[in-house]
Amino acid sequence: MRYTAVFFLSFLLFLSCKPEPKKEVALLQTMLSPAGSSSSLPFLFSNDDTTLLSWVEKVGDSLTELKYAELLNDKWQEPKLIHQGTDWFVNWADFPAIAENKGSLISHVLKKSTVGTYSYDVKLNLLQAGQTEWKTDVPLHTDGTPTEHGFVSVLPYKDGFFMTWLDGRNTEEDADGNRGAMTLRAAEVSVTGEIRNEIELDTRICDCCQTTAAITTNGPVVMYRNRSEEEVRDMSIVRLQNGSWTAPKMVYDDNWKIKGCPVNGPKAAVLKNTLAMAWFTAATNKPKVKLVFSSDGGASFDMPIVVSKANAMGRVDVLLLNEDEAIISWMEAHDKKAQLKIVKVTQDGTLGKEQVIAELDASRKTGFPQIEKVGNKIYFAWTDYSTNESQIKTAVISTDAL
Amino acid sequence: MKFKATLFAICLLFCFGCKEGPKEAEQKETNLVTAPENSEVLSTFEDLEGNLVELSDYKGKRVLLNFWATWCRPCIEEMPSLLKAEAALANENYVFVLASDQSIEKIKAFKEKKGFDFRYLKFNGAMADFAINALPATFIYNETGELIQRIDGATAWDSPEIINQLKAIK
């Protein structure tokens, strides 16, 4: 009897101590940020060879510095100064970008073209492979109008770079008070700053949203928020096919009719001809973050997958793990704050488990968080404003954890 | 005695042996949240002199609260019609308030340059507090502070239809 009781208790002990179901663990690791105080506007770039982070830092009341750092062995290296200026247009949504091709670098800033607040040009900074001095303030466009130019996307292309941007050359007010629409333009830029094949891609697009671009097997594609005569602002795509750009084509008919500024552009990722695009829409005042796949380089698209519809704020980024799986990041309002979230999305519409990467200030100060894939890791960069001072933070997570 | 000691040891193990070890960083929950109710009532504004302003300060008046920004072209394009509407509703117990989350200096500079003579406020919250997805966005409150209408995007505020709508706000 006694031994029966001992046996029974021991058995109970064994049962109660068996391992609990394994809890999922987010293996997010914060990294030592290379950015200093008063830093903001992070931009992450990665290709097979190089991973870069660029950002700006305010120095005193008027000086702004554009810096970058390279990721080596999972660590951000010492920051390097690209350029500085007191006449830049520094804006939470229209941030400098950086890209690398065969050892050469390109970045850009927005430089005011007049004393007016909203007249500025895109100026390029170039660092040729093997050189140490940046060539700065190289013009991307030469229209000379005192209008807005910005929302640049830049990618390595051929031996140089492909660039696309919003160009306000037609928005200058005429004598009768009329003004034209914001246009979309693109060009190729050599590593020395020579502009080739500049072209207007769309004559009327949304004034205030970022562009995104990708180099598919078939050629470059540009995606952006269009603007119809009826003020419908949905996503469109143009593609370079056999040497000619296609006419703008709607990616999906959200039918978001808004005579206003969403300031919430799309983001694209590509793997050969598999293209994924993430975007924000608030048609019928129901904000959503969506993701869509294309398997033919953007000639056609699957049906969109709704990723977030509860307090979605947008500010998306996306990357492809493979031809069937994407990782999307976005911001979501949460109790007077915002959360930076990510989730894995499969082409068939399956959503993985959402992960909260960071709690952020919900205001515009936190800008547009960035994600990039390097090997089997995903790197994050975002602007933290929790201490009332702007500071870029970085973190990394293994793709296995998603 | 030996049996009791064994039994006691097993009980001790049972009680303490299975307590949780140090917690690993658990995956954060991703609870979906609903928009805070009446968040607009709690939001804080400042006038251009830095005085704190709450929407409740305007209780007893009908309020047209317009969110805008200096970089927002549609916002600026609708301002002349907003001024006309404000004049047309001068005897309708309305207060027109233009709120921007930009700095007071930028708002002042805009006011000086453009000359639109509005009651400007700096908004200290986030656009998400009002579920604003694009600027301009306009919220119209009745005299008891109840949100009656919301208009997203620029509008011809001086059109007879809109003026009549605003007059009909109860």
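Residues numbered from 1 in each chain as written. Chains lettered and ligands numbered in written order. Predicted model: local features only at pLDDT ≥ 70, side-chain atom pairs only at ≥ 80, totals over all residues. Heavy atoms only, no water.

J.: For this particular structure, what's the right way to read the overall build of chain A?
T.: When you go through chain A residue by residue, the secondary structure sums to 1 helix and 30 strands. With 402 residues in all, chain A has 57% of them scored as buried. For chain A, the proportion of contacts with a sequence separation of at least 24, taken over those separated by at least 6, is 48%. Carbon and sulfur atoms make up 49% of the accessible area of chain A, which totals about 17,000 Å². (Helix = DSSP H or I, 4+ residues; strand = E, 2+ residues; numbered from the N terminus. Buried < 20%, exposed > 50% of the residue type's maximum accessible area, 1.4 Å probe, protein only. Contact = heavy atoms within 4.5 Å. Areas by Shrake-Rupley, 256 points an atom, 1.4 Å probe, with all protein chains shown as cover.)

J.: Would you mind going over the state of the cysteines with me for this structure?
T.: Two cysteines, two sulfur atoms, one covalent bond between them: this is a disulfide. Under the counting rule described, the total for this entry stands at 1 disulfide over all chains. Each disulfide pairs two cysteine sulfurs, and for cysteine 72 of chain B the partner residue is cysteine 75 of chain B, the sulfurs being separated by 2.2 Å. When the S-S torsion is 80°, as for the bridge of cysteine 72 of chain B with cysteine 75 of chain B, the disulfide is right-handed. Both residues of the pair, cysteine 72 of chain B and cysteine 75 of chain B, belong to the buried class. Cysteine cysteine 208 of chain A is unpaired, with the sulfur of cysteine 261 of chain A as its nearest cysteine sulfur at 3.3 Å. Of all cysteine sulfurs in the structure, the one in cysteine 206 of chain A sits closest to cysteine 209 of chain A, which takes part in no disulfide; the separation is 4.0 Å. Owing to a relative accessible area of 3%, cysteine 209 of chain A belongs among the buried residues under this scheme. (Disulfide = S-S within 2.5 Å.)

J.: Before we go on, may I ask you to explain the nonpolar core in this structure?
T.: A general tendency of soluble globular proteins is for nonpolar side chains to be buried together. Counting 104 residues, the largest nonpolar core has Phe45, Leu65 and Phe67 of chain B as its most contacted members. With 6 residues, the top contributor of residues to this core is strand β4 (residues 94–100) of chain B. Setting aside residues up to four positions removed in sequence, phenylalanine 45 of chain B forms contacts with Asn51, Leu52, Val53, Leu55, Leu65, Phe67, Ala99, Leu121, Lys122, Phe123, Asn124 and Phe130 of chain B. Ranked by size, the runner-up nonpolar core spans 23 residues in total, among them Val316, Val318, Trp330 and Val345 of chain A. (Core = buried A, V, L, I, M, F, W, Y, C linked by side-chain atoms within 4.5 Å.)

J.: What exactly am I supposed to notice about unusual backbone geometry here?
T.: For residues other than glycine, phi is negative in most cases, and the peptide bonds are mostly trans. The amide bond that connects leucine 135 of chain B to the next residue, proline 136 of chain B, takes the cis arrangement and shows omega of -5°. Looking at where proline 136 of chain B falls in the secondary structure, it is placed in the loop between β5 (119–123) and β6 (137–141). A positive phi is found at lysine 158 of chain A, a non-glycine position, where the angle reads about 50°. With respect to the helices, strands and loops of the structure, lysine 158 of chain A is situated in the loop between β11 (149–157) and β12 (160–167). Notably, asparagine 242 of chain A is not glycine yet its phi reads approximately 50°, a positive angle. Along the chain, the position of asparagine 242 of chain A falls in the loop between β17 (235–241) and β18 (244–245).

J.: How should I be thinking about the environment of glutamate 146 of chain B in this particular structure?
T.: Residues and elements named next belong to chain B. Assignment of secondary structure puts glutamate 146 in the loop between β6 and β7 (147–152). Note on glutamate 146: relative accessible area 47%, which makes it partly exposed. Excluding its chain neighbours within four sequence positions, the residues that come into contact with glutamate 146 are Ile140 and Tyr141.

J.: Is there a simple way to explain the pattern of salt bridges in this structure?
T.: One side chain can pair with another of opposite charge once the charged atoms of both are near each other. Under the criterion given, the structure shown has 31 salt bridges over all chains. Lysine 290 of chain A is the salt-bridge partner of aspartate 254 of chain A, the closest N and O atoms lying 2.5 Å from each other. Here aspartate 254 of chain A is found in the loop between β19 (249–250) and β20 (267–271), whereas its partner lysine 290 of chain A is found in strand β22 (residues 288–294), with 36 residues between them in sequence. Lysine 290 of chain A carries the same exposure label as aspartate 254 of chain A, and that label is buried. Linked through salt bridges whose partners overlap, the residues forming this network are Glu148, Arg204, Asp207, Arg227, Glu229, Glu231 and Arg233 of chain A together with Arg73 of chain B. (Salt bridge = Lys/Arg side-chain N within 4 Å of Asp/Glu carboxyl O.)

J.: Explain the packing of aromatic side chains to me, please; I cannot follow it from the model alone.
T.: Each aromatic ring pair is specified by the distance between its two centres and by the angle formed by the two planes. All names here are of chain B. Under the counting rule described, the total for this entry stands at 22 aromatic pairs over all chains. A ring pair is formed by phenylalanine 110 and phenylalanine 116, whose centres lie 6.4 Å apart and whose planes are at 40°; its orientation type is tilted. With relative accessibility at 14%, the residue phenylalanine 116 sits in the buried group. Counting every residue linked through ring pairs, the aromatic cluster contains Phe45, Phe67, Phe123, Phe130 and Phe139. (Phe/Tyr/Trp six-rings, centres within 6.5 Å; stacked < 30°, edge-to-face > 60°.)

J.: Quick question: what am I supposed to make of the sheet that holds strand β23 (residues 305–308) of chain A here?
T.: Working definition: the strands of a sheet are paired by backbone hydrogen bonds and lie parallel or antiparallel to each other. All names here are of chain A. In space, the 4 strands of this open sheet follow the order β20-β21-β22-β23, with antiparallel pairing throughout. Only two strands of the sheet have a single neighbouring strand rather than two, namely β20 and β23. Within this sheet the neighbouring strands show an average axis-to-axis angle of 20°, counted without direction. Here β22 pairs with β23 via 3 bridges, running antiparallel. Of the residues in β23, the one forming a bridge with leucine 291 is isoleucine 305. (Pairing = 2+ DSSP bridges. Axes fitted to C-alpha atoms, helices over the stretch in contact; angles between N-to-C directions.)

J.: Honestly, the confidence of the model for chain A in this entry has me stumped. Any pointers?
T.: For chain A, the average pLDDT comes to 93, and 94% of its residues sit at 70 or higher. Long-range and interchain partners of residues 19–25 of chain A, a stretch whose pLDDT sits below 50, account for 9 contacts in this model, where long-range means more than four residues apart. (pLDDT = per-residue confidence, 0-100.)

J.: I'm lost on helix α4 (residues 104–114) of chain B in this one. Help?
T.: In an α-helix there are 3.6 residues to a turn, and that puts residues three or four apart on one side. Residue and element names in this part refer to chain B. Of all the residues in α4, the buried ones are Ile104, Ile107 and Phe110. The arc that holds every buried residue of α4, seen down its axis, measures 125°, which confines them to one face. When the buried face of α4 is taken as reference, the exposed residues oriented beyond 90 degrees from it are Glu105, Glu112 and Lys113. Looking at the buried positions of α4, the neighbouring elements they touch are β1 (45–47), α3 (73–88), β4 and β5. Positive backbone phi, at 80°, marks glycine 115, one or two positions downstream of α4. (Arc of directions from axis to C-beta.)

J.: Please explain the layout of surface pockets as it appears in this structure.
T.: Empty space left among the atoms is revealed by rolling a probe the size of a water molecule over them. Residue and element names in this part refer to chain A. Considering only enclosed or pocket space, the second largest pocket measures out at about 1,100 Å³ in volume. What lines the second largest pocket is a set of 43 residues, and nearest its centre among them are Ser46, Leu155, Ala269, Val270 and Glu372. Put simply, the parts of the chain that give the lining of the second largest pocket at least two residues each are β2 (39–46), β11, β15 (212–216), β20, β24 (312–320) and β28 (370–374). With 6 residues, β11 is the single largest residue contributor to the lining of the second largest pocket. Classifying every residue of the lining of the second largest pocket by side-chain character gives 26 nonpolar, 10 polar and 7 charged. (1 Å grid on protein atoms, 1.4 Å probe; cavity = no way out; pocket = protein on both sides within 12 Å on 5 of 7 lines; lining within 4 Å. Points joined across faces, edges and corners; volume = space filled by probe spheres on them. Nonpolar A, V, L, I, M, F, W, Y, C, P; charged D, E, K, R; others polar.)

J.: So what exactly am I meant to see when it comes to empty space enclosed by the protein here?
T.: All names here are of chain A. Within this structure, the stated rule accounts for 3 cavities of 30 Å³ or more. In terms of residues, the lining of the largest cavity owes the most to one element, β11, which gives 3 residues. A per-class count over the lining of the largest cavity returns 11 nonpolar, 3 polar and 4 charged. Space inside the second largest cavity adds up to approximately 60 Å³. If you trace the second largest cavity, you find it lined by Leu41, Val56, Thr64, Trp88, Phe89, Val90, Asp94, Phe95, Pro96, His108, Val109 and Leu110. Here the lining of the second largest cavity takes 3 residues from strand β8 (residues 104–112), the largest share from any one element. Among the residues making up the lining of the second largest cavity, the classes are represented as 9 nonpolar, 2 polar and 1 charged.

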